[in-house]
Amino acid sequence: MSALELTPSEAARWAARGGLPLPADRHAAIAATANHIHSVVAVLRELDFGDTPPAPAYRADKETHDAAV
């Protein structure tokens with residue numbers, strides 16, 4: 001386990017701090033889920049969106065739908 005991963009006891013502590021006390025049998029599952037979400041977000045943060053226009057520049061109503069295959 002890396003130093004950045006959330007441990008089951010830390011998951012329980014953070015949940016309790018947020019007003020969501022967890023049953024003891026859920027600590028490990030919550031920590032694993034949080035670690036998975038963190039790893040996915042970390043990959044997304046590494047993506048280069050330099051040439052991507054901002055979301056308001058996209059207009060879905062101007063799409064042309066072509067049924068030709």
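Here is a short report on the structure shown in this document. Within any chain, residue numbers begin from 1 and follow the written order of that chain's sequence. Where local features are concerned, this predicted model is filtered to residues with pLDDT of at least 70; where side-chain atom pairs are given and counted, the filter is 80 or more; whole-chain, interface and lining totals use all residues. Computation of side-chain values covers all heavy atoms of the structure but excludes hydrogens and water.

Right, let's talk about the packing of helix α1 (residues 8-17) against helix α2 (residues 27-46) for a bit. The description of two helices packed together rests on the angle between their axes and the distance between the axes. Fitted lines through C-alpha atoms give the axes, limited to the stretch in contact for helices. The angle between two N-to-C directions lies from 0 to 180 degrees. A helix here means a DSSP run of H or I that spans at least four residues, while a strand means a run of E at least two residues long, and both kinds are numbered starting from the N terminus. One can describe the packing of α1 onto α2 by two numbers: an axis separation of 8 Å at closest approach and a directional angle of 90°. As far as their axial angle goes, α2 and α1 are roughly perpendicular. Only His27, Ala28, Ile30 and Ala31 of α2 make contact with α1, whose side of the interface consists of Pro8, Ala11 and Ala12. Under the scheme applied, nonpolar residues are Ala, Val, Leu, Ile, Met, Phe, Trp, Tyr, Cys and Pro; charged residues are Asp, Glu, Lys and Arg; polar residues are all the others, including Gly. Among the residues making up the contact of α1 with α2, the classes are represented as six nonpolar, one polar and no charged. Here roughly perpendicular refers to angles of 65 to 115 degrees, roughly parallel to angles under 35, roughly antiparallel to angles over 145, and oblique to all remaining angles. Whether two residues are in contact is decided by their heavy atoms, any of which lying within 4.5 Å being enough.

Within the secondary structure layout, His38 lies in helix α2. The sequence separation of His38 and Leu4 amounts to 34 residues, and the corresponding C-alpha distance is 9.6 Å.

A turn of α-helix holds 3.6 residues, and therefore any two residues three or four places apart point the same way. Its 20 residues place the ends of α2 29 Å apart at the C-alpha level, agreeing with the 28 Å of an ideal helix rising 1.5 Å per residue. Residue burial is assigned from relative accessible area. The probe radius is 1.4 Å, only protein chains are included, and a residue is buried under 20% of its type maximum, exposed over 50%, and partly exposed in between. The set of residues buried in α2 consists of His27, Ala31 and Asn35. Down the axis of α2, the smallest arc covering the buried residues is 65°, so these residues share one side. Residues of α2 that are buried make contact with α1. By this rule the span expected of a helix is its residue count minus one, scaled by 1.5 Å. The arc in question is the one traced by the directions running from the helix axis out to the C-beta atoms.

Here we come to a nonpolar patch on the surface. Excluding any residue in a salt bridge, patches collect residues exceeding 30% relative accessible area, merging like charges within 9 Å and nonpolar Val, Leu, Ile, Met, Phe, Trp and Tyr side chains within 5 Å. For every accessible area listed, the method is Shrake-Rupley and the probe measures 1.4 Å; residues are considered covered only by the protein chains on display. Think of a salt bridge as a Lys or Arg side-chain nitrogen and an Asp or Glu carboxyl oxygen that are within 4 Å of each other. Among the surface-exposed residues, Val40, Leu44, Leu47 and Phe49 lie close enough to one another that they form a single nonpolar patch of about 370 Å² accessible area. For Leu47, the location among the structural elements is in the segment after α2.

This part takes up α1. Within α1 the residues assigned to the buried category are Ala11, Ala12 and Ala15. Each buried residue of α1 sits inside an arc of 100° when the element is viewed along its axis, so together they form one side. Opposite the packed face of α1, turned more than 90 degrees from it, sit the exposed residues Ser9 and Arg17. In the segment just after α1, Gly19 is the residue with positive phi, at about 85°.

Structural measurements only, silent on function.
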